[in-house]
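These are the residues of each chain, in order.
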Amino acid sequence: MLLAVFCGCQAGGILPADSLVAYDLGKGLVASSRFHLRVVPAKAADTRLRFYWNYADPSSFRCIEISVPGVGKDDPLLGFSAAYKVFYGDSVVEQGSVAGHYPSGSGKGFSLIFNTLGNSGLIELGSDKVGCGIDVDFCSSNPGSIAYESSRRVEIKRNELYTDYIDPLPSPRFTRVEEIEDYLTLSNDSIEGLWRYLDRDTDAAKVRMSKRYALATVSTGNGYEIISINPDGTAEYKGNMTPTVFEDHFDLVWHDANGRRLDDENSATLSDSRFILRLDFPLLKSTLRFSRQK
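Residues numbered from 1 in each chain as written. Predicted model: local features only at pLDDT ≥ 70, side-chain atom pairs only at ≥ 80, totals over all residues. Heavy atoms only, no water.

### Re the layout of surface pockets
The space that makes up the second largest pocket amounts to roughly 410 Å³. Only β4 (29–40) and β17 (235–243) provide two or more residues apiece to the lining of the second largest pocket. Counting residues per element, the lining of the second largest pocket draws most heavily on β17, at 3 residues. Looking at the lining of the second largest pocket, its residues break down into 9 nonpolar, 9 polar and 4 charged. (1 Å grid on protein atoms, 1.4 Å probe; cavity = no way out; pocket = protein on both sides within 12 Å on 5 of 7 lines; lining within 4 Å. Points joined across faces, edges and corners; volume = space filled by probe spheres on them. Helix = DSSP H or I, 4+ residues; strand = E, 2+ residues; numbered from the N terminus. Nonpolar A, V, L, I, M, F, W, Y, C, P; charged D, E, K, R; others polar.)

Okay, structure coming up:
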């Protein structure tokens, strides 16, 4: 039973039983975030700890429920085992357990760390060290709230939230591939076009391609807008190309899969009678090439 909702709970404070601490992440696009909760559980009885993310209302949320053993249940040799379940709404999507030992002295406690990057999340659980990592989904464009509650009175040892927001991307000039095709039929600008992925030369340590892009380039009057075309035919703003003093060479602004702006030293080049579009990202040691489709 929910007794109260707190907007925050400071480290060193006490969280009453059956109370909820919630943080509204707002309506901006979350590029990345990190939340660290560390609690001192009850001495003898297990504590049911619940952590929520993408919480919108009682019927729309994701959460993990952990049965945290009492500090008195930590075996000197075997330690303890804490069972957990991951819920998307009312459905259990994953379950397991994490083993650990409670540190002695003032460091005694159990930690939950929630990291997000784009639409991916990672939950780490442990006491003296990270005992397991659980991959989860995260909606960065509609983050809702994160929250936690405890079935028993617990001391909060750590309660830290860091969130990095990015500005929403502009709306593309066209929102459907059919609109782009109709426009290009009447275009006499050979820099404009539809492009499909050809190949890449990327540094796996720096770049992970989320998909094989199909692109469109359309004139803005003083440059060219780059539009990403999804498999369902919808279109999204991806970046822009600004002409330089060199023919068929452009300064490139690109937004990655997480919405982050990449513009340092990037360039775009047209070659082979403007049938090949090459995107260079020197700081990422990566190159993408596309061939003209239309």
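### Comments concerning the side chain of D74
Within the secondary structure layout, D74 lies in the loop between β6 (60–68) and β7 (80–88). Buried charge without a salt bridge: D74, with K108 as the nearest opposite-charge side chain at an N-O distance of 7.0 Å. A distance of 3.2 Å separates polar atoms of two side chains, one belonging to D74 and the other to H101. (Buried < 20%, exposed > 50% of the residue type's maximum accessible area, 1.4 Å probe, protein only. Lys, Arg positive; Asp, Glu negative; His and termini not counted. Salt bridge = Lys/Arg side-chain N within 4 Å of Asp/Glu carboxyl O. Polar contact = N/O pair within 3.5 Å; in protein donor to acceptor, adjacent residues only side chain to side chain.)

### Some remarks on the nonpolar core
Soluble globular proteins: nonpolar side chains tend toward being buried together. Counting 34 residues, the largest nonpolar core has W53, I64, I66 and L125 as its most contacted members. Dropping the residues within four chain positions of it, L125 is found in contact with I64, I66, Y84, V98, F110, S111, L112, V130, G131, C132 and I134. (Core = buried A, V, L, I, M, F, W, Y, C linked by side-chain atoms within 4.5 Å. Contact = heavy atoms within 4.5 Å.)

### So, the confidence of the model for the protein chain
Chain-level statistics for the protein chain give a pLDDT mean of 89 and a share of 94% at 70 or above. Taking the mean pLDDT of every element in the protein chain, the minimum, 38, falls on strand β1 (residues 4–6) and the maximum, 97, on strand β20 (residues 267–271). Segment residues 1–7: pLDDT under 50, and 18 contacts once partners within four positions in sequence are set aside and those in other chains are kept. (pLDDT = per-residue confidence, 0-100.)

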